[in-house]
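# Structural characterization, general
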Amino acid sequence: MPRIRNILIIAGVALGASALVPAAPASADTVTKYAHALFRNSDDNVGMDIDVVKAAGQATIDVEWQDSHCAPVDTTYVCDSVSRTAYDVPVTSFSFSVDGVTTVTADLAYRELRRHCVFTEETEDCTETDDSGTTTVEVTWTASGKPTRSEWTDEQGVRHVQTQNATAVAGTGFDLSYGPDDSFGQVTQVRTADPVS
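Read on for an overview of the structure. (Residues numbered from 1 in each chain as written. Predicted model: local features only at pLDDT ≥ 70, side-chain atom pairs only at ≥ 80, totals over all residues. Heavy atoms only, no water.)

## Observations regarding the pattern of salt bridges
For clarity, the cut-off: The salt bridge definition used is simple: a Lys or Arg side-chain nitrogen within 4 Å of an Asp or Glu carboxyl oxygen. Comment: elements are numbered from the N terminus, with helices defined as DSSP H or I runs of at least four residues and strands as E runs of at least two. The cut-offs for exposure are 20% and 50% of the maximum accessible area for each residue type, with area from a 1.4 Å probe on protein chains only; residues under the lower value are buried, those over the upper are exposed, and the others partly exposed.
All chains considered together, the criterion is met by 6 salt bridges. The residue Glu-112 makes a salt bridge to Arg-84 at a minimum N-O spacing of 2.7 Å. With Glu-112 in strand 6 (residues 101-119) and Arg-84 in strand 4 (residues 76-90), this pair connects stretches of sequence that are 28 residues apart. On the accessibility criterion, Glu-112 (5% relative accessible area) is buried. You can call Arg-84 buried: its relative accessible area is 13%. Across the pair Glu-112 and Arg-114 runs a salt bridge whose closest N-O atoms are separated by 2.9 Å. Each of Arg-84, Glu-112 and Arg-114 takes part in a single network of salt bridges with overlapping partners.

## Concerning the pairing of strand 7 (residues 124-143)
The two faces of the sheet receive side chains in turn, since in a regular strand these alternate between them. This is how the line gets drawn: DSSP calls a pair of strands paired once it identifies at least 2 bridges connecting them.
Two strands pair when backbone bridges link them, and strand 6 and strand 7 are joined in this way by 19 bridges, in the antiparallel orientation. The residue bridging Ala-109 from the neighbouring strand is Thr-134, located in strand 7. Turn length for the strand 6-strand 7 hairpin, with the two strands adjacent in sequence and antiparallel, is 4 residues. Relative to strand 9 (residues 159-173), strand 7 runs antiparallel, the two sharing 6 bridges. Each residue of the ladder has a partner; that of Trp-141, found in strand 9, is Val-169.

## Comments concerning unusual backbone geometry
Glycine aside, the phi torsion of most residues is negative, and most peptide linkages are trans. In this structure, Pro-180 follows Gly-179 across a cis peptide bond, with omega equal to 0°. Phi is positive for Asp-175, which is not a glycine, with a value near 65°. Locating Asp-175 in the fold gives a position in the loop between strand 9 and strand 10 (176-178).

## Points about the state of the cysteines
Rules: Cysteine sulfur atoms that come within 2.5 Å of each other are treated as a disulfide pair.
For the structure shown, the criterion picks out 2 disulfides. What pairs with Cys-70 in a disulfide is Cys-79, and their sulfur atoms sit 2.0 Å apart. For the disulfide bridge between Cys-70 and Cys-79, the dihedral angle about the S-S bond is near 120°, and by the sign convention the bridge is right-handed. What makes Cys-79 buried here is its relative accessible area of 15%. In this model, Cys-117 is linked to Cys-126 through a disulfide, with the two sulfur atoms separated by 2.1 Å. Because the torsion about its S-S bond is 115°, the bridge between Cys-117 and Cys-126 counts as right-handed. Accessibility expressed as a relative area gives 26% for Cys-126, which makes it partly exposed. Counting its disulfide-bonded cysteines in sequence order, the chain shows a connectivity of 1-2, 3-4.

This is the structure:
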């Protein structure tokens, strides 16, 4: 009899506990952080485009770098360009603030593509060579105003709350310095809440 009584008591506790549990689980919030920088070094005709994303505790960076020069040579027009790319690279450090200072440091192994083209009035002759290299990229975003906020619900019922701010931005990479002039920076935080099922 005591054993049966204990089973009934345990069953009653379990039943009582289950009555306290919501019928549907509460939605879980997730936060994704973004930092974007677009640099243009007018003196050297160099550009660098950077995107940092931090989601699920992991921060990665995409970097695209471009250097191009064109000039007339005798009766031809010659263009030389170098592009360097690195995608989805884990960063060394990433500190984020939508209304303060955001910083990133990343050691990159990049792919390099060199293109040499000679143009005449009737022909175009281009050659390409591949190479690789490494560099360290460091960028600082400094918020320049108050963040803006927007909210929306997508077709799947997921709620999105976005906080965004324009920034001044400066950095170094590929043995050059960039910004804050001739640059564009932006930081964004998006909080999503899954629909309650």
